[in-house]
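What the coordinates show
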Amino acid sequence: MKTFSAKPSDIERNWYVVDAKGKVLGRLATAIAVVLRGKNKAIFTPHMDTGDFVIVVNAGKVKLTGKKLTDKKYYSHTGYPGGLKETTAGKLLNEKPERVLISAVRGMLPKNSLGRQLLKKLKIYPGPEHPHSAQNPKMLNIQ
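Summary of the structure given here. (Residues numbered from 1 in each chain as written. Predicted model: local features only at pLDDT ≥ 70, side-chain atom pairs only at ≥ 80, totals over all residues. Heavy atoms only, no water.)

Quick notes on the packing of aromatic side chains
- This structure, assessed with the given rule, holds one aromatic pair.
- Note on Trp15 and Phe53: the rings are 4.3 Å apart at their centroids and 5° apart in plane angle, and the pair reads as stacked. Pair noted here: Trp15 is in strand 1 (residues 15-19) and Phe53 is in strand 2 (residues 53-57), with a separation of 38 residues, a long-range link. One exposure class covers both Trp15 and Phe53, and it is buried.
- Lys121 extends its terminal NZ or CZ atom over the ring of Phe53, reaching a point 6.0 Å from the ring centre. (Phe/Tyr/Trp six-rings, centres within 6.5 Å; stacked < 30°, edge-to-face > 60°. Helix = DSSP H or I, 4+ residues; strand = E, 2+ residues; numbered from the N terminus. Buried < 20%, exposed > 50% of the residue type's maximum accessible area, 1.4 Å probe, protein only. Lys NZ or Arg CZ within 6 Å of the ring centre and 35° of its normal.)

Structural notes on the environment of His77
- Assignment of secondary structure puts His77 in strand 3 (residues 73-77).
- Apart from the residues lying within four places of it in its own chain, the contact partners of His77 are Gly83 and Leu84.
- Polar side-chain contacts of His77 include one of 2.9 Å to the backbone nitrogen of Gly79. (Contact = heavy atoms within 4.5 Å. Polar contact = N/O pair within 3.5 Å; in protein donor to acceptor, adjacent residues only side chain to side chain.)

Quick word on the layout of surface pockets
- A volume near 310 Å³ is recorded for the largest pocket.
- Every residue lining the largest pocket is counted, 13 residues in all, and those nearest its centre are Tyr74, Ser76, Thr87, Leu92 and Arg99.
- The greatest single-element share of the lining of the largest pocket, amounting to four residues, is contributed by helix 4 (residues 97-106).
- Class assignment for the residues of the lining of the largest pocket results in four nonpolar, three polar and six charged. (1 Å grid on protein atoms, 1.4 Å probe; cavity = no way out; pocket = protein on both sides within 12 Å on 5 of 7 lines; lining within 4 Å. Points joined across faces, edges and corners; volume = space filled by probe spheres on them. Nonpolar A, V, L, I, M, F, W, Y, C, P; charged D, E, K, R; others polar.)

Quick word on the sheet that holds strand 1
- Ordered in space as 5-2-1-6, the four strands form an open sheet in which the pairing is parallel. Two strands bound the open sheet, and with one partner strand each, they are strand 5 (122-124) and strand 6 (138-139).
- Pairing analysis gives five bridges linking strand 1 to strand 2, with the strands arranged parallel. Within strand 2, the residue paired with Val17 across the bridge is Ile55. (Pairing = 2+ DSSP bridges.)

Focus on helix 4
- Listed in full, the buried residues belonging to helix 4 are Pro97, Val100, Leu101, Ala104 and Val105. Angularly, the buried residues of helix 4 cover 125° about the axis, an arc narrow enough to put them on a single face.
- In the core, the buried residues of helix 4 are packed alongside helix 1 (25-37), strand 2, strand 3, helix 3 (89-95), helix 5 (113-119) and strand 5. (Arc of directions from axis to C-beta.)

Here we look at the pattern of salt bridges
- Taken as a whole, this structure holds four salt bridges when the rule is applied.
- Between Lys7 and Asp10 there is a salt bridge; the shortest N-O distance is 3.9 Å.
- Residue class for Lys7 comes out partly exposed when judged on its relative accessible area of 46%.
- Two residues, Asp52 and Lys41, come together in a salt bridge whose shortest N-O distance is 2.8 Å. Residue Asp52 is found in the loop between helix 1 and strand 2, and its partner Lys41 is found in the loop between helix 1 and strand 2; the two are separated by eleven residues along the sequence.
- Among the charged side chains, a salt-bridge network with shared partners connects Arg13, Asp49 and Lys121. (Salt bridge = Lys/Arg side-chain N within 4 Å of Asp/Glu carboxyl O.)

This is the structure we're talking about:
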């Protein structure tokens, strides 16, 4: 029995749409990370990008449990001394809701060039519309 390793010719990419309205952030991010990585496919190979494209709509309507809206902090740095900035999850969700979801999914992907490549296949939109109708995306149901 030989170990199967996917070749670029074996990989078939699909497009999926996920509606984030009312979904819990962490559970949604885990399901998206699995599809981006390709772990839901039989041809999964750890060192290759075998995953699919994911379009997330209604990212502004994602839920956070507990007191995370006020207590959870997101940090960024300007690059200058003393340039550390922090913002709460509630404020970031109102201003740039796609950043909350990107941050959650990025933390669940590999921390290398493969992870950066996988993250480019994630398209996030705060409202219900997206410009990817030409790709004929399928609906992905996440509980």
